[in-house]
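Chain and residue survey
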Amino acid sequence: MRRRVVVGEGELQQVAAACARALRGVDVVTGQQLCEAALVERAGWLTALVGSLAAGVVQEHWTGPDLAQLASGIDLVGASLPSQGWMALRRLGWAVTLPEGVYVPDRVVRIAQEQAGRVLRSAWWRAEITAALLATWPDDPTRRTVAEWEALRAALPDGPVVATGVLLARTRQIAAFHARHQRLPTGLTECEQAPGAGAQVVLAAVDKQLATLERCQEDPFHYGVLILRMPLRPDPTCRAHWHPVRIRFRLPPHVPATAVLCAPTLRVRQGRLLIDVPYALVVAKPRRAGHRTAVAFDWGLNTLLTGGALHLTDEAQPRVVTDGEPTYFRAGGVLAKADRLRVHGEHIGTRIDRLRTLIASRQERGQRPDPHLVAKLAVLQAEQERVAKRRTRLNSALARAAARFIVDHAIAADASVIYLEDLRDMQACGKGRTLNTRLSQTVRGTIVTQVRHQAAAQGIAVVIVPPRGTSQYCPRCLTALVHHKAPDNRATGWAWASCPNNACGYSTCRDHAAWQRIGARGLTHQHKTSLDRAGGTFVIRTVAPALDRASTVQQQTRDRTKSGPTNKRPVPGKRRRVPAPPDNRASTARPGGKRPAGRPPTHPTHHSQRCPRQQGPTTIDTPTRPHRPDGARLGAGFHRHAHTTPARRRPWPSHPSARSLTPGIAQETQADERR
């Protein structure tokens, strides 16, 4: 079921996936109508059969020499191995052991070999890292010296590319093995158990003899048809026990009508048959360099994203200018909910460990486990799984909303590139137990993945910039900033930054200064952007000190040239319509006076709001009252808990109106609405 799209000049093929649900089907041989439960039953038999066959192949060849043989790309006679996993395994002679008395078609064996080949090939990267760590194992694994880090980087195949967090995680894994067995492991295969093949059926390895996929002839824009041979029983013994089933499913609305459908993947989840349908379409090819307008964003804690737009002028000596209007993505309610679910899951895990200890202690004494404890353990395990799924769904929704926010602002600013900082190596330590946990639980990697996916559809490049020094120096003069708690509180803190240079005197939020430095660094170093072949992503790996010193950001001033008559009418919402009372202090009392321009002062409406500080319409500070979104009362769901700055058109040219923005996220505070 291979599909190809015609790619023109300046275009490339993008492959995305959409998840559909199969509700009914028809047995082509008998004509029997299959409900969702019958489809799930047959798909479960097929998934279990494929999973057991693939797991057997992985378990048999989970050795260092076999992993190296498969990763070398050379077969036993010296010829190159094909890219398909099932064909590579057959060239190496790694056969699948079928259960006795069970008939499995050759195409189903292909699926098992393809899944096993993907698992074994993906393990080689971890095996190389483990081998490099064992070859350069330090005396104190908890704290390496500079020379030991350099030796480790030199031993790695892609030393500068591998994130430090990955190396530290593998170091802890090896140290745990050493603590249990009092020796170092020989390699990855001894340090880890053989992984499973996944509860799925990958149809990319088969042809039309087993499965076909096409759009429905009656309604090709909304429905697809999958014809797949499925078993009639969990242990089919002959060919007659495999019948083709015609499954008609609805395509998700975000799948374009011009997209080409590719071979899907079947999964059974929570009593439902899910079909992951990849689709290919042609998009504009993002540029590696030559950008003039960009948007940059800095990661935060309470404010998840802070960013803005920057422009590189066309002068002989290009300058980086910005309008100085930041954009914010605040998801305090979502992050608070995720933190509550985390704490709840930890409490459940503690109780599960305690119950397991009690049950194991009774078994060690030769006693029968208490039925009450066993039943309680089963309930807690089910609750733990439910909480984990809720956290997964919440993080996925947060990542999609944050990515949509970033891409919408890039479209509004007519930006051709999005600059983000690389925080893979950030280690949350030394900031307290609560803050360390909150920093570690942020789904930054998932957000970056979603941004790349959504930006690719618009032809916008996503470039990762080195984060060192972005929050340390002033974006105007590159003087080291002084960080304190607030503009009116000079105590040592991290929220506010002030420039000690008297000639500059720039004072702003720490995150506001950071996103300007990220964008300026990306625009001035865009010729150093490289393409990571492994992941197909753009990244700036090194920073040139000379270019970094020249990447100052200048405030863009509004053109106030007199080009027409002055508008005498007051700005709506800026002047009161009610006349002022008469001025009795004058010698001659007039019927009414003029009020000053501006909004009327806000007064507390109830007793709980009577606090010394008020959230006025011209401030960007956080109110002292707790976060109480209306979504909990109105039933609006997730987006009532994500407060974002509305996308605004920038002074420089913007995208055509056809590239509309995506509504649905609640707007920011009154301070952002007034802009």
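All of the points below concern the structure found in this document. (Residues numbered from 1 in each chain as written. Predicted model: local features only at pLDDT ≥ 70, side-chain atom pairs only at ≥ 80, totals over all residues. Heavy atoms only, no water.)

Another aspect to go through is the overall build of the protein chain. A count of helical and extended segments in the protein chain gives 15 helices and 24 strands. Burial statistics for the protein chain: of 675 residues in total, 41% are counted as buried. Put simply, 64% of the contacts in the protein chain that link residues at least 6 apart link residues at least 24 apart. With the model as given, the accessible surface of the protein chain reaches about 37000 Å², and the carbon-plus-sulfur share is 53%. (Helix = DSSP H or I, 4+ residues; strand = E, 2+ residues; numbered from the N terminus. Buried < 20%, exposed > 50% of the residue type's maximum accessible area, 1.4 Å probe, protein only. Contact = heavy atoms within 4.5 Å. Areas by Shrake-Rupley, 256 points an atom, 1.4 Å probe, with all protein chains shown as cover.)

A few words now on the packing of helix α2 (residues 64-72) against helix α4 (residues 106-135). Contact pair α2 / α4: the axes reach a minimum separation of 9 Å and the direction vectors enclose 95°. The angle between α2 and α4 falls in the class roughly perpendicular. Listed contacts from α4 to Leu67, Ala68, Leu70 and Ala71 of α2 are Gly117, Leu120, Arg121, Ala123 and Trp124. For the contact of α2 with α4, the class distribution of residues is seven nonpolar, one polar and one charged. (Axes fitted to C-alpha atoms, helices over the stretch in contact; angles between N-to-C directions. Parallel < 35°, antiparallel > 145°, perpendicular 65-115°, else oblique. Nonpolar A, V, L, I, M, F, W, Y, C, P; charged D, E, K, R; others polar.)

To continue, consider the sheet that holds strand β5 (residues 211-215). Taken in spatial order, the five strands make up an open sheet running β3-β2-β7-β6-β5, and their pairing is antiparallel. Across the chains shown, the open sheet's two edge strands, defined by having one partner strand only, are β3 (33-34) and β5. Note: strand β2 (residues 25-27) against β3, two bridges, orientation antiparallel. When the bridges of β3 are listed, Gly25 appears paired with Leu34. On the sheet, helix α1 (residues 36-60) packs against β2, β3, β6 (223-231) and β7 (242-250) and is oriented at approximately 55° with respect to β6. (Pairing = 2+ DSSP bridges.)

Along the polypeptide, Gln69 turns up in helix α2. Classification of Gln69 as partly exposed rests on a relative accessible area of 25%. Residues Gln69 and Leu92, 23 residues apart in the sequence, show an inter-C-alpha distance of 8.8 Å. Sequence-distant contacts of Gln69, that is, excluding residues within four places in its chain, are made with Ile74, Asp75, Leu76, Leu81 and Leu92.

Even without being a glycine, Gln182 presents a positive backbone phi close to 60°. Note that Gln182 resides in the loop between α6 (164-181) and α7 (188-191). Relative accessible area serves as the criterion here: at 61%, Gln182 is assigned to the exposed category. You will see that Gln270, though not glycine, has its phi angle at about 55°, which is positive. The topology assignment puts Gln270 in the loop between β9 (265-269) and β10 (272-284). Among the residues examined, Gln270 registers a relative accessible area of 54% and is labelled exposed.

If you look at the biggest cluster of nonpolar residues, it comprises 62 residues, and the most contacted ones within it are Leu70, Leu203, Leu226, Leu228, Phe249, Leu273 and Tyr279. Of the residues forming this core, the biggest block, eleven residues, is contributed by α1. Excluding its chain neighbours within four sequence positions, the residues that come into contact with Tyr279 are Gln14, Val15, Ala16, Ala17, Ala18, His254, Val255, Pro256, Ala259, Val260 and Leu261. In this structure, Trp299, Leu305, Ala331 and Val462 belong to the second largest nonpolar core, which totals 45 residues. (Core = buried A, V, L, I, M, F, W, Y, C linked by side-chain atoms within 4.5 Å.)

Glancing now at the environment of Pro286. Looking at the element boundaries, Pro286 is found in the loop between β10 and β11 (293-299). Every residue in contact with Pro286, bar those within four places of it in the chain, is listed here: Leu12, Gly459, Ile460, Ala461 and Phe538.

Let us now look at the pattern of salt bridges. Applying the stated criterion across every chain yields a total of 21 salt bridges. Across the pair Arg267 and Asp276 runs a salt bridge, and its minimum N-O distance is 2.6 Å. The class for Arg267 is buried, based on a relative accessible area of 17%. What emerges from the salt-bridge pattern is a single network uniting Arg90, Asp106, Arg107 and Asp207. (Salt bridge = Lys/Arg side-chain N within 4 Å of Asp/Glu carboxyl O.)

What follows deals with the packing of aromatic side chains. Overall, the coordinates contain two aromatic pairs when judged by the stated rule. The interplanar angle of 65° and the centroid separation of 5.8 Å between the aromatic rings of Phe297 and Phe405 together place this pair among those described as edge-to-face. One end of the pair, Phe297, is in strand β11; the other, Phe405, is in helix α9 (residues 371-412), with 108 residues separating them in the sequence. Classification of Phe297 as buried rests on a relative accessible area of 1%. Their ring planes at 45° and their centres at 5.4 Å tell us that Phe329 and Phe405 sit as a pair that is tilted. With Phe329 in strand β14 (residues 327-330) and Phe405 in helix α9, this pair connects stretches of sequence that are 76 residues apart. An aromatic cluster is built from Phe297, Phe329 and Phe405, whose rings are joined through pairwise contacts. The residue whose ring lies beneath Arg110 is Trp86, and the NZ or CZ to ring-centre distance is 4.2 Å. (Phe/Tyr/Trp six-rings, centres within 6.5 Å; stacked < 30°, edge-to-face > 60°. Lys NZ or Arg CZ within 6 Å of the ring centre and 35° of its normal.)

A word on the side chain of Thr537. Of note, Thr537 is situated in strand β22 (residues 537-539). Look past the residues within four positions of Thr537 in its chain and what remains in contact with it is Arg452, Ser530, Leu531 and Asp532.

This part covers the sheet that holds strand β17 (residues 482-486). Taking strand neighbours across the sheet as the criterion, the four strands line up as β18-β17-β19-β20 in an open arrangement whose pairing is antiparallel. The two strands at the open ends of the sheet, each matched to only one other strand, are β18 (489-492) and β20 (507-509). Strand after strand, the sheet turns through a mean of 45° between neighbouring axes, direction not considered. Here two bridges tie β17 to β18, and the two strands are oriented antiparallel to one another. Directly across from His484, in β18, lies its bridge partner Thr492.

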